[in-house]
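# Per-entry structural report
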Amino acid sequence: MAVWDDLVGQDRVAAQLSAAARDADALVTAAGEAADSPVGEPMASSKMTHAWLFTGPPGSGRATAARTFAAALQCVSPDRALGGAPGCGFCEGCHTALVGTHADVEVVRTDMLTIGVKETRELVRRAQLSPAGGRWQVIVMEDADRLTEGAGNVLLKAVEEPAPRTVWLLCAPSLEDVLPTIRSRCRLLTLRTPPVDAVADILVRRDGIDPELAASAARATQGHIGRARRLATDERARVRRAAVLKLPLRVDDVGGCLKAAQELIDAAAEDAKQVAEEVDAKETEELRAALGAAAGTGGRLPRGTAGAMKDLQDRQKRRATRTQRDSLDLALTDLTAFYRDVLALQLGSQVALANTDVRDALERIASGSKPERTLRRIEAITACRQALDHNVAPLLAVEAMTMALRAG
């Protein structure tokens, strides 16, 4: 199975990346046959380049496309000599790149709110090194939109003056999420939202999910691959989604609005707590052991190591904030999809509904209001998401949204 099979509904992008991987393979092979022939010079006239920017809506598979391309760049299949395309999916280069153990593929993802200057400088330093054993030094940055301005300026220098066999693969929701100076030096690939049927098919084939459940999850998430997989495999996710979809029926009075807002915040906090319980304790114990603390969670730390422990605690707090915001944003996305279905019913549209499992509620809301009110409600949800992006207190932002949903 070729690595390109992981790109669900992205045939055009897969073709572009496959062509670039062929050119990249030819460049490295030619350089190996003629040691005095630099790898970097021919890139301008080939389909390969040193920096790529993958954009597309959430769930389109930006990070998957980047990791897939990284695997193809490291492919060492003997079939290449016979005209086969890099990216076989079976050789050591492909396999280790895909599972995250390849020495020359660095995948950067953050569970914090931003990527700072310190982390970026470390990546730039690594990017200047020659490949340890692979064909290219590949840096995959899955959250390039979270770079601070200072970090972006640090990255710009590396993208402007790349090492001969280093490739940067940046992922962001849109062009506007990346500094203009960086995106102007990258080759852009825009992914689309995968078709619902294609997402359902891959859930059945790759994850062994029941076809009916896979179709329901893919339809409910409107082609978002990651959310569809989570919804199909996690009972808690299905319960939380069902609770969110009941919210429009609970905002008939002020008390209901405030209670619904509080429950939404509490659910997001519970998500963050579950993630913390799974990760924080392990991280803390590993750091204590590395610092030489006495056995047991209550053992004393050696002198001079308290600062390292506090840094870890600060990172864990920032991660909890990010997790809570992500969980809340997911709930707001589900809520937007609900009102989108309401609007489709009100306008008599023939588009497929995402939330067919709550059709009674959709029809009740649709018959009790007009399209103008539904649009205002969707705008209220969008305003709430924007307020959260600007660090407005979550409870205040959600309360304002539920009151707006009531007013319509």
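What you see is a predicted model, and the numbers here were worked out from it, not measured in a lab.

Regarding its fold elements, the protein presents 15 helices and five strands. Taking 2.2 N^0.38 as the reference for a compact globule, 408 residues should give roughly 22 Å; the C-alpha atoms of the protein span a radius of gyration of 24 Å, in line with that estimate. By the burial criterion, 45% of the 408 residues in the protein qualify as buried. Here the analysis covers contacts within the protein between residues at least 6 apart in sequence; of these, 72% occur between residues at least 24 apart. About 20200 Å² of surface is accessible on the protein, with carbon and sulfur atoms providing 53% of the total. Positive and negative side-chain charges of the protein, numbering 53 and 55 respectively, have mean locations separated by a distance of 3 Å.

A few words now on helix H4 (residues 117-127). Thr-120, Leu-123, Val-124, Arg-126 and Ala-127 are the residues of H4 that are buried. Seen along its axis, H4 keeps its buried residues to an arc of 160°; they face one direction. Among the exposed residues of H4, those pointing more than 90 degrees away from its buried face are Lys-118 and Arg-121. Lining the buried residues of H4 we find strand S2 (105-108), strand S3 (137-141), helix H5 (149-160) and strand S4 (166-172).

Assignment of secondary structure puts Thr-166 in strand S4. Under the relative-accessibility criterion, Thr-166 is labelled buried at 1%. Here the side chain of Thr-166 touches Ala-127 through a polar contact of 2.6 Å, landing on its backbone oxygen.

A few words now on the packing of aromatic side chains. Taken as a whole and assessed by the stated rule, the structure comprises two aromatic pairs. The interplanar angle of 70° and the centroid separation of 5.1 Å between the aromatic rings of Trp-52 and Phe-69 together place this pair among those described as edge-to-face. Taken together, the positions of Trp-52 in strand S1 (residues 51-55) and Phe-69 in helix H2 (residues 62-73) put the pair 17 residues apart, joining distant regions of the chain. Both rings, one in Phe-338 and one in Tyr-339, keep their centres 5.5 Å apart while their planes meet at 85°; by these two values the pair is edge-to-face. Overall, the relative accessible area of 0% leaves Phe-338 in the buried class. For Arg-187, the ring lying beneath its charged end belongs to Trp-52, and the centroid distance is 5.3 Å.

Right, let's get into the packing of helix H12 (residues 306-347) against helix H15 (residues 394-407). Running from N to C, H12 and H15 cross one another at 10°; their axes reach a closest spacing of 13 Å. By the angle between their axes, H12 is roughly parallel relative to H15. Note on element contacts: H15 touches H12 through Pro-394, Val-398, Met-401 and Leu-405, opposite Leu-328, Leu-332, Leu-335 and Tyr-339. A breakdown of the residues in the contact of H12 with H15 according to their chemical character gives eight nonpolar, no polar and no charged.

Here the focus is the confidence of the model for the protein. Within the protein, residue pLDDT values average 86, and 94% of them lie at 70 or more. When mean pLDDT is compared element by element in the protein, S1 scores highest at 95, while helix H11 (residues 254-291) scores lowest at 82. Within the model, pLDDT remains below 50 along residues 35-44, and this stretch shows 14 contacts once partners closer than five positions in the same chain are excluded.

Here we come to the pattern of salt bridges. Tallying each qualifying case throughout the model produces 20 salt bridges. The closest approach of N and O atoms between Glu-235 and Arg-238, which form a salt bridge, is 2.6 Å. Of this pair, Glu-235 and Arg-238 both sit in helix H10 (residues 235-245), three residues apart, roughly one helical turn. The class of Arg-238 is partly exposed, set by a relative accessible area of 27%.

Here we take up a nonpolar patch on the surface. A cluster of nonpolar side chains, contributed by Val-254, Leu-258 and Met-403, occupies part of the molecular surface with about 210 Å² of accessible area. Along the chain, Leu-258 turns up in helix H11. Judged by relative accessible area, Leu-258 falls into the partly exposed class, the value being 37%.

Further remarks concern H2. The end-to-end C-alpha distance of H2, which contains twelve residues, comes to 17 Å, matching closely the 16 Å that a straight helix rising 1.5 Å per residue would cover. In terms of burial, H2 is a largely internal element, ten of the twelve residues being buried. The set of residues buried in H2 consists of Arg-62, Ala-63, Ala-65, Ala-66, Thr-68, Phe-69, Ala-70, Ala-71, Ala-72 and Leu-73.

The element S3 is extensively covered by neighbouring structure, given that five of its five residues are classed as buried. Because side chains alternate across S3, one face comprises the buried residues Gln-137, Ile-139 and Met-141, and the other comprises Val-138 and Val-140, equally buried. Taken together, the four bridges between S2 and S3 define a ladder with parallel strand orientation. Looking at S3, one finds that Val-105 is bridged to Val-138. Judged from the five bridges that link them, S3 and S4 form a sheet pairing that is parallel. Bridging from a neighbouring strand, Val-140 pairs with Leu-169 of S4. Crossover S3 to S4 through H5 is right-handed.

Moving on to the pairing of S4. The buried count for S4 comes to seven of seven residues, which makes it a mostly enclosed element. Burial along S4 is two-sided: Thr-166, Trp-168, Leu-170 and Ala-172 facing one way and Val-167, Leu-169 and Cys-171 facing the other are all buried. In the sheet, S1 pairs with S4 via five bridges, with the strands oriented parallel. Considered in S4, the bridge of Leu-53 is made with Leu-170.

Criteria and cut-off values
Residues numbered from 1 in each chain as written. Predicted model: local features only at pLDDT ≥ 70, side-chain atom pairs only at ≥ 80, totals over all residues. Heavy atoms only, no water. Helix = DSSP H or I, 4+ residues; strand = E, 2+ residues; numbered from the N terminus. Rg over C-alpha atoms; globule rule 2.2 N^0.38 Å. Buried < 20%, exposed > 50% of the residue type's maximum accessible area, 1.4 Å probe, protein only. Contact = heavy atoms within 4.5 Å. Areas by Shrake-Rupley, 256 points an atom, 1.4 Å probe, with all protein chains shown as cover. Lys, Arg positive; Asp, Glu negative; His and termini not counted. Charge placed at Lys NZ, Arg CZ, Asp CG, Glu CD. Arc of directions from axis to C-beta. Polar contact = N/O pair within 3.5 Å; in protein donor to acceptor, adjacent residues only side chain to side chain. Phe/Tyr/Trp six-rings, centres within 6.5 Å; stacked < 30°, edge-to-face > 60°. Lys NZ or Arg CZ within 6 Å of the ring centre and 35° of its normal. Axes fitted to C-alpha atoms, helices over the stretch in contact; angles between N-to-C directions. Parallel < 35°, antiparallel > 145°, perpendicular 65-115°, else oblique. Nonpolar A, V, L, I, M, F, W, Y, C, P; charged D, E, K, R; others polar. pLDDT = per-residue confidence, 0-100. Salt bridge = Lys/Arg side-chain N within 4 Å of Asp/Glu carboxyl O. Patch = residues over 30% accessible without salt bridge, like charges linked within 9 Å, V, L, I, M, F, W, Y side chains within 5 Å. Expected span 1.5 Å × (residues − 1). Pairing = 2+ DSSP bridges. Right-handed = clockwise from strand over helix to strand, strands pointing away.

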